[in-house]
Amino acid sequence: EILNGSFANGYHELNSIHDDAEGFNGSFTNGYSEFDDSIHDDDEVLNESFTNGHHELNGIHNNGQIFNESLINGRRESNGIHSNGYESLTNGHNELNDNHGESFLAERGFGTRAIHIGQDPDPYTGAVIPPISLSTTFKQSSIGTNKGYEYSRSSNPTRNAFEQAIAALEKAKYGIAFSSGSATTATIVTTIGTGGHIISVNDVYGGTNRYFSKVAHSQGISTTFVNLLDPHKIESAFRPNTKIVWVETPTNPTLRLVDIKNVAEITHNHGAILVVDNTFMSPYFQNPLELGADIVVHSVTKYINGHSDVIMGVAVMNDKAIYEKVKFLQNAIGAVPSPFDSWLANRGLKTLHVRMKQHQENALTIARFLESSDKVEEVIYPGLESHPQHDLAKKQAKGFGGMLSFKIKGGFEAADTFLRNIKLFTLAESLGGVESLAEHPAKMTHASLTPEHREAVGVTDNLIRLSVGIEDVADLVADLKQALEIA
């Protein structure tokens, strides 16, 4: 084993090699500090003292572990590294505790936080990217004594690293990851119990509508769907048993906006909590917790991962009581993502700020092209001045995102012909990947809605939704132009 001690002020460096159960005494010749430690067998105590009076350290030197410390101008910072090579996490979960100091990274820019939080190099090998922790179970030093991990369903180092990072980007204290966005929804709804009531924006994602209407309903949880273009319309929907208000903004696929701050105030006046699905905007463009939301959810599958190769969801929050309730259900229900998916999602998170800028730049160019086409009836994109809620978009978000919808002239037949003839855009469900996708909501993502509901929320047969990727925008425009001419 190797014990390294270094003084950043340049006074001394100590490098000693010792065997198990062998004692070591070192002194610094200029008299600034003296070092006296005893290395014993597994689980014995390492004591060291510095005679300049600044710090004393008592640490457990476990078999096979390394304890690193640095002295900076006579003051000590220590990192306790547990046996799987990951940095210690508060309660073994996901409150930020990194060797740069919480405030150091919390005050940095979005890209810096995305790349560095929860991503300390491996202490054993120096690997810049922390390794994937695939272990399902973790060694305990004695009965009930562990290093923050027991069983990977309950807590896993790779998953926790992702949870730390996404929480930091949403300016939240806690992050809880799930195996899908739908699992995230189901777990949160479970917190309200039988007899509870949900108010949801009426043009919510089709899968969320399906869960509220067919699954939660069968469990004794009712839902009222409300058009929230005017946030005050929500007032009449509250009941004594209303527990959750659930909104998306922008909505999917009609890109209507909900005034988060106003809805939050009304929700809290009625003693309920506000959940905001922030999938379309990502934490780069919008942070609903700062506007009064209690829980923010994402389909990580989309922009956060960004490469169309992970199914995953996440919820973030600041309230400890809400966190503990959802965390308990994450473990009890067990809909957790694999370590590999968590690692992939964290990798995607590192480039989120770069990708979102390009998604938006391309989307705005395409929206303006479509708006100028005589083949198009209407373009729906919050970044256009023609969007009826353009001012609200600028007020509550930092950008407009990469999603847009448009209504093609000629009804379903024209929409079908257009989608059959696109070449760079791929006809497929989902969104948020680096590649551009196109879909027909009425027959694809929102097919589970009744025709009456689709008509009420504007999901018409001529509506086409585009997830604009990060390809060269001139090529994307050319592809849309040739398909429109054929349609």
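In the block above lies the structure referred to throughout.
Since the structure is predicted, the reported quantities are computational estimates derived from the model, not experimental observations. (Residues numbered from 1 in each chain as written. Predicted model: local features only at pLDDT ≥ 70, side-chain atom pairs only at ≥ 80, totals over all residues. Heavy atoms only, no water.)

Engineer: Which residues make up the packing of aromatic side chains, and what values do they have?
Structural biologist: Inspection of every chain in the model, using the stated rule, returns 8 aromatic pairs. Centre to centre, the rings of Phe 138 and Tyr 149 are 5.5 Å apart; their planes meet at 40°, and the pair counts as tilted. One end of the pair, Phe 138, is in the loop between helix H2 (110-116) and helix H3 (157-169); the other, Tyr 149, is in the loop between H2 and H3, with 11 residues separating them in the sequence. By relative accessible area, which is 14% here, Phe 138 ends up buried. Owing to a relative accessible area of 3%, Tyr 149 belongs among the buried residues under this scheme. (Phe/Tyr/Trp six-rings, centres within 6.5 Å; stacked < 30°, edge-to-face > 60°. Helix = DSSP H or I, 4+ residues; strand = E, 2+ residues; numbered from the N terminus. Buried < 20%, exposed > 50% of the residue type's maximum accessible area, 1.4 Å probe, protein only.)

Engineer: Could you give me a rundown of the packing of helix H12 (residues 411-421) against helix H14 (residues 473-486), with the residues and numbers involved?
Structural biologist: Interaxial distance between H12 and H14 falls to 8 Å at its minimum, and their mutual angle equals 135°. It follows from the interaxial angle that H12 and H14 lie oblique. Of the two possible hands of crossing, H12 and H14 adopt the one that is right-handed. Within the contact between the two elements, H12 uses Thr 417, Phe 418 and Asn 421 and H14 uses Asp 479, Leu 480, Gln 482, Ala 483, Leu 484 and Ile 486. (Axes fitted to C-alpha atoms, helices over the stretch in contact; angles between N-to-C directions. Parallel < 35°, antiparallel > 145°, perpendicular 65-115°, else oblique. Left-handed = near helix turned anticlockwise from the far one by under 90°. Contact = heavy atoms within 4.5 Å.)

Engineer: So, the pairing of strand S14 (residues 295-299): which residues are in play, and what are the values?
Structural biologist: Taking burial as the measure, the 5 residues of S14 include 5 buried ones, the bulk of the element. Of the two faces of S14, the one holding Ile 295, Val 297 and Ser 299 and the one holding Val 296 and His 298 are both buried throughout. Looking at chain direction, strand S13 (residues 273-277) and S14 are connected through 3 bridges and run parallel. For Val 275, the partnering residue across the bridge sits in S14 and is Ile 295. Of the strand pairs in this sheet, S14 and strand S15 (residues 313-317) are connected by 5 bridges, and their pairing is antiparallel. Opposite Val 296, over in S15, you have Val 316 as the bridge partner. (Pairing = 2+ DSSP bridges.)

Engineer: Could you give an account of the side chain of Gln 286, with specific residues and numbers?
Structural biologist: Inspection of the secondary structure assignment puts Gln 286 in the loop between helix H7 (282-285) and S14. When its relative accessible area of 2% is taken as the criterion, Gln 286 is described as buried. Polar side-chain contacts of Gln 286 include one of 3.0 Å to the backbone oxygen of Thr 249. The contact partners of Gln 286, leaving out residues within four places of it in the chain, are Glu 170, Thr 249, Ile 260, Asn 278, Met 281, Gln 396 and Ala 397. (Polar contact = N/O pair within 3.5 Å; in protein donor to acceptor, adjacent residues only side chain to side chain.)

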